[in-house]
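# A look at the structure
Here are the chains, one letter per residue:
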Amino acid sequence: METFNVQVVQQLKILARLCMNDPSLLYDPKMSFIKDLIEHYGGKIPEAKANDASDTKAESESKPAEPQSESDPVSEEQSEESDLELDMTSVIEPDEDTPQKMGNSTLQPTEEEMAESQAKRSEAVSAFVEKDYEKAIQFYTEAIVLNPQAALLYAKRGQIFLILNKPNACIRDCNRAIELNPDSAAAHKFRGRAYHLLGKFEEAANDLRLACKLDFDEQADEWLRETTPNARKIEEHKRKKERKVQEKLERERQDRLQKAREAAKAREENTRPSQTSAPPGAGDFYQFLKDPDVLQAFEDPEVAEAFKEISANPTNVLKYQNNPKIMALINKLASKFGGAGGMPGAAGMNFPGGMPSFPGAGAGFNPPKPPHDDVGLD
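Think of each chain on its own: its residues are numbered from 1, step by step along the sequence as written. Only residues with pLDDT of at least 70 are given local features in this predicted model, and only at 80 or more are side-chain atom pairs given and counted; all residues enter the totals for whole chains, interfaces and linings. To obtain the side-chain values, all non-hydrogen atoms of the structure were included, while hydrogens and water were left out.

### Details of the overall build of the chain
How we decide: Strands here are runs of E lasting at least two residues and helices are runs of H or I lasting at least four, both read from the DSSP assignment and numbered beginning at the N terminus. Buried residues are those whose accessible area, probed at 1.4 Å on protein chains only, stays under 20% of the maximum for their type, while exposed residues exceed 50% and partly exposed ones sit between those limits. Any two residues having at least one pair of non-hydrogen atoms within 4.5 Å are treated as being in contact.
Looking only at helices and strands, the chain features 16 helices and 0 strands. Taken across its 378 residues, the chain has 31% of its residues classed as buried. In the chain, the share of contacts with a sequence separation of at least 24, taken over all contacts with a separation of at least 6, comes to 56%.

### Thoughts on a nonpolar patch on the surface
Applied cut-off: Only residues whose relative accessible area exceeds 30% and that form no salt bridge are eligible for patches; like-charged ones are grouped when within 9 Å, while nonpolar side chains (Val, Leu, Ile, Met, Phe, Trp, Tyr) are grouped when within 5 Å. The protein chains shown are the only cover counted for residues, whose accessible areas, like all others here, come from Shrake-Rupley with a 1.4 Å probe. Only one rule defines a salt bridge in this text: a Lys or Arg side-chain nitrogen within 4 Å of an Asp or Glu carboxyl oxygen.
Taken together, the side chains of Ile14, Leu18 and Leu25 present a nonpolar region at the surface, about 250 Å² in accessible area. Position of leucine 25 relative to the elements: it lies in the loop between helix H1 (6–21) and helix H2 (32–40). Its relative accessible area of 35% is what places leucine 25 among the partly exposed residues.

### Remarks on the nonpolar core
Stated formally: Buried residues of nine kinds, namely Ala, Val, Leu, Ile, Met, Phe, Trp, Tyr and Cys, make up a nonpolar core once their side-chain atoms join them within 4.5 Å.
Counting 41 residues, the largest nonpolar core has Ile160, Leu162, Cys170, Ala177, Ala187, Phe190 and Phe201 as its most contacted members. If you list the elements that add at least two residues to this core, you get helix H5 (111–129), helix H6 (133–146), helix H7 (151–163), helix H8 (167–180), helix H9 (185–197), helix H10 (201–214) and helix H11 (218–271). Of all hydrophobic cores here, the second largest spans 12 residues; its members include Phe307, Ile326, Leu329 and Ile330.

### Brief notes about H7
Rules: For a helix, the expected span equals 1.5 Å multiplied by the number of residues minus one.
Over its 13 residues, H7 runs 19 Å from end to end, which matches the ideal 18 Å to within 8%, given 1.5 Å per residue. For H7, a buried count of 10 out of 13 residues is recorded, marking the element as mostly surrounded by other parts of the structure. Within H7, burial applies to Ala151, Leu153, Tyr154, Ala155, Arg157, Gly158, Gln159, Ile160, Phe161 and Leu162. Lining the buried residues of H7 we find H5, H6, H8, H9 and H11. Looking one or two places after H7, you find asparagine 165, whose phi comes out positive at around 60°.

### Remarks on the environment of alanine 231
For alanine 231, the location among the structural elements is in helix H11. When its relative accessible area of 2% is taken as the criterion, alanine 231 is described as buried.

### Here we look at the confidence of the model for the chain
This is how it is decided: One number per residue, pLDDT, summarises how confident the predictor is, and it ranges from 0 to 100.
Per-residue pLDDT for the chain averages 78, and the proportion of residues at 70 or more is 71%. Note on residues 65–71: pLDDT under 50 across the span, and 5 contacts to partners over four residues away in sequence or across chains. Every residue in residues 339–368 is under pLDDT 50, and counting partners more than four places away or in other chains gives 60 contacts.

### Topic: the packing of H5 against H6
Here is the rule we go by: The convention used is that axes are lines fitted to C-alpha atoms, helices contributing only their stretch in contact, and that angles between N-to-C directions extend from 0 to 180 degrees. Angles below 35 degrees are treated as roughly parallel, those above 145 as roughly antiparallel, those between 65 and 115 as roughly perpendicular, and all remaining angles as oblique. In this scheme, a crossing is called left-handed if the near helix is turned counterclockwise away from the far one by less than a right angle; it is called right-handed if the turn is clockwise. Polar here means any residue outside two lists: the nonpolar Ala, Val, Leu, Ile, Met, Phe, Trp, Tyr, Cys and Pro, and the charged Asp, Glu, Lys and Arg; Gly therefore counts as polar.
Packing of H5 against H6 brings their axes to within 8 Å, and their N-to-C directions diverge by 170°. The angle between the axes of H5 and H6 places the two elements in the roughly antiparallel class. Where H5 crosses over H6, the two elements pack in a sense that is left-handed. Residues Glu113, Glu116, Ser117, Lys120, Arg121, Glu123, Ala124, Val125, Ala127 and Phe128 of H5 form the contact with H6, whose own contacting residues are Tyr133, Lys135, Ala136, Phe139, Tyr140, Glu142, Ala143 and Leu146. Of the residues that constitute the contact of H5 with H6, the class distribution is 10 nonpolar, 1 polar and 7 charged.

### As for unusual backbone geometry
Phi at lysine 131 is positive, roughly 60°, even though this residue is not glycine. Relative to the helices and strands, lysine 131 is located in the loop between H5 and H6. Of note in this structure, asparagine 165 is not a glycine but carries a positive phi near 60°. Within the secondary structure, asparagine 165 is located in the loop between H7 and H8.

### Quick notes on the pattern of salt bridges
Proximity of charged atoms lets side chains of opposite charge pair with each other. Going through the model one piece at a time under the given rule, you end up with 15 salt bridges. Put simply, aspartate 97 and lysine 166 hold a salt bridge, and the shortest N to O gap is 2.8 Å. You can see aspartate 97 sitting in the loop between helix H4 (73–83) and H5 and its partner lysine 166 sitting in the loop between H7 and H8, a full 69 residues away along the chain. Looking at aspartate 97, the relative accessible area reads 38%, which means it is partly exposed. Linking arginine 253 and glutamate 250 is a salt bridge whose minimum nitrogen-to-oxygen distance equals 2.9 Å. Of this pair, arginine 253 and glutamate 250 both sit in helix H11, 3 residues apart, roughly one helical turn. What emerges from the salt-bridge pattern is a single network uniting Glu236, Arg239 and Arg243.

Below is the structure:
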């Protein structure tokens, strides 16, 4: 019976899924052979709706195409797989036979059993030369049961399974052989070829490369040269995929850093005091300083110098009690902030250096005169 190419089988599987998702496809004249096949074996095709095609077409025309996300893993994987073109000429369908006898791995054979096992092996070799592969497998199995510690017996039986296009059975035997003897060149050689037949080109290249290193063999080298191009394509594909993953992670990291910087900048701008707002603690005095008359008065150097001295020492206000220009400004200030309690001090108007509180300020500032020296008076 002729086996199907793996690529053909994959295409048939895709076609089957499409038909299951949309049975109306089976009514297309090009698909009539599938419809006939299903009905031949008693299957039933859902009736086609007359307006299915028109509805589908109208929906597709009215509905705008949704852009695929750049980070869609499915679309990325499909795109990457489509770029990977492998030579599948030698790939075959995997065998699904019942696993063969492996023998008791804990059994330590006697000398008689080892001798009998050797005789069975000789018979297996004779059957192999005569290309009676089924008989050769039988003899190798009997030899393995007698001496399950002989790695070469598994490798040679694996070779016959390989000839019979049973790569999975070959791999099982070679795995046991390598467990018993990791340096078995024959086991690596046959397992490498079996991997190739299953389309596992990376594993095949690794095994065949090691087989040639352990014990160079022309056939193993030929198989290695056959599988190497596909193995290199897969390795490059994986490196490319890994680079994309790393680039994506780096982009995400940079985005997080950028967002963190923007958030920190926004917080800083929100907490920064406005240049046009009053400084903390200025209170009503800041509004007083914005008065046009006050601003004009402070343009006078004499007024500015006087208030500088008063700021340094509030009692210096007594020096200017006969200066109408200075006292006019002080009376204005007192009328703004004073009242019964007088002109406020540092706690009231937050004037730098503080201002003394004078009773009566507000109805006209009349600071108390210094007392006369009454020394010697009764």
